[in-house]
Amino acid sequence: SQTIHQWPATLVQPVGSPLSLECTVEGTSNPNLYWYRQAAGRGLQLLFYSVGIGQISSEVPQNLSASRPQDRQFILSSKKLLLSDSGFYLCAWSPDRRYGYTFGSGTRLTVV
Amino acid sequence: KQEVTQIPAALSVPEGENLVLNCSFTDSAIYNLQWFRQDPGKGLTSLLLIQSSQREQTSGRLNASLDKSSGRSTLYIAASQPGDSATYLCAVSSGAGSYQLTFGKGTKLSVIP
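Below: a short report on this structure. (Residues numbered from 1 in each chain as written. Chains lettered and ligands numbered in written order. Predicted model: local features only at pLDDT ≥ 70, side-chain atom pairs only at ≥ 80, totals over all residues. Heavy atoms only, no water.)

1. Considerations on the interface of chain A and chain B
Heads up, the rule is: The contact criterion used is simple: two residues touch if any of their non-hydrogen atoms lie within 4.5 Å. Two parts placed together each lose some accessible area under a 1.4 Å probe, and the buried area is that loss summed for both. We define a salt bridge as a side-chain nitrogen of Lys or Arg found within 4 Å of a carboxyl oxygen belonging to Asp or Glu. Within 3.5 Å is the distance limit for a polar contact, defined as a pair of N or O atoms, with the added protein rule that one can donate a hydrogen and the other accept it, and that residues adjacent in sequence qualify only through two side-chain atoms. Helix and strand labels come from DSSP, where a helix needs a run of H or I of at least four residues and a strand needs a run of E of at least two; each type is numbered from the N terminus. Only Asp, Glu, Lys and Arg are considered charged, only Ala, Val, Leu, Ile, Met, Phe, Trp, Tyr, Cys and Pro nonpolar, and every remaining residue, Gly among them, polar.
Between chain A and chain B, the residue contacts involve 21 residues of the former and 23 residues of the latter. Summing both partners gives a buried area of about 1,800 Å² for chain A against chain B, and 55% of it is carried by carbon and sulfur. On inspection of chain A and its partner chain B, the count reaches zero salt bridges. Taken together, chain A and chain B are joined by four residue pairs in polar contact (both at pLDDT 80 or more). For the side of chain A that touches chain B, the secondary-structure elements that each account for two or more residues are strand S4 (32-38), strand S5 (44-52) and strand S9 (87-94) of chain A. For the side of chain A that touches chain B, the class distribution of residues is 11 nonpolar, six polar and four charged.

What follows is the structure in structure tokens.
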């Protein structure tokens, strides 16, 4: 069966520090991969999606970037964190956008 | 642009009651609609997925319906339990070339023992 792993679960980082969040999927190949952010009092916002290795699409301009160095690995990064980057980050995968999505357990990021 | 609305934003019911959560969307050109559950501080757990060609899906005490033409879906929970307390999110996968799964803001359900 397919599983999705996301880490770390919680992260507290100072303003201006770098960020790297990792997501991996097991039990499938060539998944569509997604990064979402859930800010307090707001809905889920799609940040990036990828349909293949090295293929990254950004939905909103921001201080973040994403990379997909391997088929089942998706990384969310920042060179310098801002206070506004705080939130709950969720990774998700789907075999195809016509089918259901499966989400990871999330990373709570607090920028101080 | 697809927009998803969930009503009510919060709901409190006594244990054992049947309840309905509502979801509406503005663009009927969808691939599917998915209902999720989110517990505080946790990720999203998929409950039910309804393809655009389907009218309803059932899983245990949960039943989700879809009326694509009117842009509406309902999640029916039978015989509610305190363990059902969570935020329920509705999400639509649109067919207009975007890979975005558009979410509503959720309904926070509290089931009182």
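2. Remarks on the packing of aromatic side chains
Quick reminder of the rule: Geometry of aromatic contacts follows a simple scheme: Phe, Tyr and Trp rings, the Trp one being its six-membered ring, pair when their centres are within 6.5 Å, and the pair is stacked under 30 degrees between planes, edge-to-face over 60, tilted otherwise. Any residue under 20% of the maximum accessible area for its type is buried, any over 50% is exposed, and the rest in between are partly exposed; the area is computed with a 1.4 Å probe on protein chains only.
Tallied over the entire structure, the rule returns nine aromatic pairs over all chains. Both rings, one in Tyr-36 of chain A and one in Phe-103 of chain B, keep their centres 5.7 Å apart while their planes meet at 80°; by these two values the pair is edge-to-face. Taken together, the residues Tyr-36 of chain A in strand S4 and Phe-103 of chain B in strand S10 (residues 101-103) connect one chain to another. Here Tyr-36 of chain A and Phe-103 of chain B have matching classes, each one buried. Of the aromatic side chains, those joined through ring pairs into one cluster are Tyr-34, Tyr-36, Tyr-49, Tyr-101 and Phe-103 of chain A together with Phe-36 and Phe-103 of chain B.

3. Some thoughts on the sheet that holds strand S7 (residues 65-70) of chain A
Residues and elements named next belong to chain A. Short version of the rule: By definition, two strands form a pair when at least two bridges between them are found by DSSP. In this analysis an axis means a line fitted to C-alpha atoms, helices contributing only their contacting stretch, and an angle means the value between N-to-C directions, from 0 to 180 degrees.
Spatially, S1-S3-S8-S7 is the arrangement adopted by the four strands of the open sheet, whose pairing is antiparallel. In this open sheet, the two edge strands, each paired with only one partner strand, are strand S1 (3-7) and S7. In this sheet, adjacent strand axes meet at a mean angle of 20° when their direction is disregarded. Of the pairings in the sheet, the one linking S1 to strand S3 (residues 19-26) comprises five bridges and is antiparallel in character. Along S3, the bridge assignment pairs Trp-7 with Glu-22.

4. What about the nonpolar core?
We count it as follows: Residues belong to one nonpolar core when they are buried, are Ala, Val, Leu, Ile, Met, Phe, Trp, Tyr or Cys, and are joined through side-chain atoms within 4.5 Å.
Grouped together as the largest cluster of nonpolar side chains are 22 residues, with contacts concentrated most on Phe-25, Leu-33, Trp-35, Leu-75, Ile-77, Tyr-88 and Leu-109 of chain B. Counting only elements with at least two residues in this core, the list comes to strand S3 (19-25), strand S4 (30-38), strand S5 (44-51), strand S7 (62-67), strand S8 (72-77), strand S9 (86-94) and strand S11 (107-112) of chain B. When near neighbours in sequence (up to four residues on either side) are disregarded, Phe-25 of chain B contacts Gln-2, Glu-3, Val-4, Ile-30, Leu-33, Leu-66, Asp-67, Lys-68, Gly-71, Arg-72 and Val-92 of chain B. Ranked by size, the runner-up nonpolar core spans 20 residues in total, among them Leu-19, Trp-35, Ala-66 and Tyr-89 of chain A.

5. Description of the state of the cysteines
All names here are of chain B. Threshold: Cysteine sulfur atoms that come within 2.5 Å of each other are treated as a disulfide pair.
In total, this model carries two disulfides over all chains according to the counting rule given. Disulfide pairing is shown between Cys-23 and Cys-90; the S-S distance is 1.9 Å. Residues Cys-23 and Cys-90 share a disulfide whose torsion about the S-S bond is about -60°; that sign makes it left-handed. Taken together, the positions of Cys-23 in strand S3 and Cys-90 in strand S9 put the pair 67 residues apart, joining distant regions of the chain. Each member of the pair, Cys-23 as well as Cys-90, carries the same accessibility label: buried.

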